[in-house]
Amino acid sequence: MKKRKKIWAIVCAVILALSGIVYAPEGNVSAASYDSLTYTSLGTGIAYSYVSNTLTGLGNPELLDAGQTMQFAFSADNKEIAVTIDGADAASHPAIITIGAAIVKLNPTKLSDNAYTYLVISSSTGKAEVVIKRGNPAGGGQVPSSGSSTDPQPSSPGGEVNPPQTTAGIPDASSLPKKAVGLNPQVKTDTATLDNSVLLAWASAMAQGTPDYDASVYTYNAYVYKNGNRVSKVCNVTNGCILGGLSAGTYSFSVAAVNAMGEGPESDKQTVTITGYSLDYTPKAEYNGPKIPDGFSITSADATFQANVPQEEQKNKLWLAWAASNASPEAPGYDTTVTGYNVYVFNAETGKPYRRVHVDGIGSNTAILESVSAGKYVAFVTAENASGESGMAAPGLTLPSSVEIKGETYDNAQDFDYPDQPGLPLGLVISGADDGVGNGFTVAWSREADLAGVQINVFVDGVCVKAGANNGPDPSYHETRLKPGTYEVSVTMQYISNQVESVPFTKTITVTGEGTNTPEEMADATYSKYEKPGPVEPPTSDIDVPTIPDQGGDDNKPDAPTTPNPGGDTDIPTTQNSGDNTDVPATQKPGDTPNNVTTQPSNTPGTTTVNSEDKTSGVNVSVGKVTVKKATKKIKSNKSKISLKKVKGATGYKIQISTSKKFKKVLMTKNVKKASVTLKNKKLKNKKKLYARAKAYKVVAGKTYEGKWSKAKKIKIKK
């Protein structure tokens, strides 16, 4: 009974720690966070900046004086200024200190606790919208008495002296830690459920004053099992965590303490059923980076946020936030080695990856995704450092685990291996006739936008009409060639060095004026679209390709079982390659790359070319040949419908379209999951003769194997 009480106390402590963490979205300006106070920019009509004094005393009102305020300075016409708070005139609001010609001063202690405050600053030049958050509206937590990272740390019980440290900052140890005990995975309480995640808590040996205290233990590792097989190892789960990114199903978990001598025995496995969605994703075999971040929140899903932010502003946008890893030394996720974060977003209805977003900097704790296609999503966040990536953090028990995004439907999903993208320019706006533009349309951005090494591209109905719209001196681009009508205008940011492009910001506008051209007639020939390389093709694809036993080098799958030599020798015997004259070493140490395996540079981690003669693993990966059953396209369309004969066991298919039957000039290459798809590319338009071919591929143990190309199929062109 005592053990159960101890475990539940740990669980409750972790829940309270996570639900009380500060989080809020960050917009066009750098987020300022003082204890429980944060803000985000929504509007881009007026460029503004935060110029407040440091509010180190927010959690202690007696330390605040009238001079310590929130001050927003903005660029306006210095004439008519209007300020509202939560839709009402702000002049009489107790938090307002001063409303000037170009500055608004607030006293943050007068803002409502555990609530969002919606501030709008308007002038004839536009408006600036700011959501200020104090406390924890989503979790119902209270403003902490002090959250400053400079607060003195509590002393050890009984005046104990901290244990001696090694040069690496790790306590000394003379033996391995004891077996971990008391693991109690949680996926729900009486009132809340965790989807696609689990809360792990146990009797930590790191808690001073407890019977199990071990001064040498500095962290824990968690192990995830499914169907008796180890799925993943997650390092640095100190003090418990909410571990996300788990597809719905039944799992077993264990933990092991770690000290300077190494890892102690795993705890007894505990089984629990994960609820939520089926995710089409294979976790890494080992997450060996920093601690898992705290306080992750899908802010867009919070009811208070939805009620206070205009519905139009919420369309096709996803706000995500978490506690910065350097926010508080007392938080479970505190880790100063963090260099940035990765956000993973899944389509909840299909389970497929939708987008990965990298957020740079240890103090960064938010991501706002623009042009998110309408639908339902789940999301997770990891931290990264020089050693690798942390496990996936998920929303807490009291927070929504998914969000429904409203707005337009876009075909802009990307797999998680897509390279990091540039962010959209600061202050980006698209304006047409409905916005007062009398002739054509205008794209504008802030003069403060960082455009080093990037170009701004402008699209109309999917056709790039201007590549490098930022080449001129003005922070705007005005287009007058387009004939009157209604169009979908998109803007992207693109790296000049490698052509990787951001997801577009899109707006439907009306164009008036004297223009006479169609988007196709305005196409910019200098625009070059980024094409992600597909899986590497094996040199001999008509022979069954074997996999190689995992020897610790693959971080996408758990270690494959191997048969040790008699006597415990860890060297792995191999046979000679029977198809050539190259000798293969009789032994090979774990972690070495086999001599007959060549890893090629690729944007797809784990893609490997394997000599098809190798039989060391005893496992063959056979990739069947595809047949293109049907291929059609309308002459004036930029879309082609392709239907393939399914290959049993295939992970997906690579499709190419060319003007040559021998594919000397390939117009497009696309990796798809389904056998019947519609491919879109502007290069297909008005082509009278086209051919399609395809090949299947399989992903096995983190490596990709491809079959042979199908015969070329002539695409039937329709009028």
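As the structure is a computational prediction, the values presented were derived from the model and not from experiment.

A. Quick peek at the overall build of the chain. In terms of regular secondary structure, the chain is built from 3 helices and 46 strands. Burial status across the chain gives 49% buried among its 719 residues. Residue pairs at least 24 apart in sequence account for 68% of intrachain contacts in the chain once pairs closer than 6 positions are excluded. On the chain, roughly 33,400 Å² of surface is accessible, and the fraction owed to carbon and sulfur atoms is 48%.

B. Spotlight on empty space enclosed by the protein. With the rule as written, the count across this model stands at 3 cavities of 30 Å³ or more. Empty space within the second largest cavity amounts to approximately 90 Å³. Along its surface, the second largest cavity is lined by Val 224, Val 231, Ser 232, Val 234, Leu 243, Gly 244, Gly 245, Leu 246, Pro 283, Tyr 287, Gly 391 and Met 392. Residue contributions to the lining of the second largest cavity peak at 3 residues, all from strand S12 (residues 229-234). When its residues are assigned to classes, the lining of the second largest cavity shows 8 nonpolar, 4 polar and no charged.

C. Local environment of the pairing of strand S10 (residues 197-200). Covered by surrounding structure in S10 are Ser 197 and Leu 199 together with Val 198 and Leu 200, the residues of both alternating faces. In this sheet, strand S13 (residues 241-244) lies alongside S10 in antiparallel orientation, the contact comprising 4 bridges. Looking at the pairing, Val 198 lines up with Leu 243 of S13.

D. Expanded view of a positive patch on the surface. A surface patch of like charges, here positive, comprises Lys 529, Lys 639, Lys 665, Lys 670, Lys 680, Lys 682 and Lys 683. Mapped onto the elements, Lys 670 comes out in strand S41 (residues 666-672). On the accessibility criterion, Lys 670 (41% relative accessible area) is partly exposed.

E. View of the packing of aromatic side chains. Counting across every chain of the model gives 14 aromatic pairs. Relative to Phe 416, the ring of Tyr 281 has its centre 5.5 Å away and its plane inclined at 75 degrees; by these criteria the two rings are edge-to-face. Taken together, the residues Tyr 281 in the loop between strand S16 (270-274) and strand S17 (286-287) and Phe 416 in the loop between strand S24 (403-405) and strand S25 (429-431) connect sequence positions 135 residues apart. Look at Phe 416 and you get buried, because its relative accessible area is 9%. Each ring, one from Trp 322 and one from Tyr 341, has its centre 5.3 Å from the other, and the planes form 55 degrees; the classification is tilted. Here the residue Trp 322 occupies a position in the loop between strand S18 (318-321) and strand S19 (340-347), and Tyr 341 occupies one in strand S19, the gap between them amounting to 19 residues. Positioned above the aromatic ring of Tyr 225, the side-chain terminus of Lys 269 is 4.5 Å from the ring centre. Arg 693 extends its terminal NZ or CZ atom over the ring of Phe 663, reaching a point 4.4 Å from the ring centre.

Rules used in this analysis
Residues numbered from 1 in each chain as written. Predicted model: local features only at pLDDT ≥ 70, side-chain atom pairs only at ≥ 80, totals over all residues. Heavy atoms only, no water. Helix = DSSP H or I, 4+ residues; strand = E, 2+ residues; numbered from the N terminus. Buried < 20%, exposed > 50% of the residue type's maximum accessible area, 1.4 Å probe, protein only. Contact = heavy atoms within 4.5 Å. Areas by Shrake-Rupley, 256 points an atom, 1.4 Å probe, with all protein chains shown as cover. 1 Å grid on protein atoms, 1.4 Å probe; cavity = no way out; pocket = protein on both sides within 12 Å on 5 of 7 lines; lining within 4 Å. Points joined across faces, edges and corners; volume = space filled by probe spheres on them. Nonpolar A, V, L, I, M, F, W, Y, C, P; charged D, E, K, R; others polar. Pairing = 2+ DSSP bridges. Patch = residues over 30% accessible without salt bridge, like charges linked within 9 Å, V, L, I, M, F, W, Y side chains within 5 Å. Salt bridge = Lys/Arg side-chain N within 4 Å of Asp/Glu carboxyl O. Lys, Arg positive; Asp, Glu negative; His and termini not counted. Charge placed at Lys NZ, Arg CZ, Asp CG, Glu CD. Phe/Tyr/Trp six-rings, centres within 6.5 Å; stacked < 30°, edge-to-face > 60°. Lys NZ or Arg CZ within 6 Å of the ring centre and 35° of its normal.

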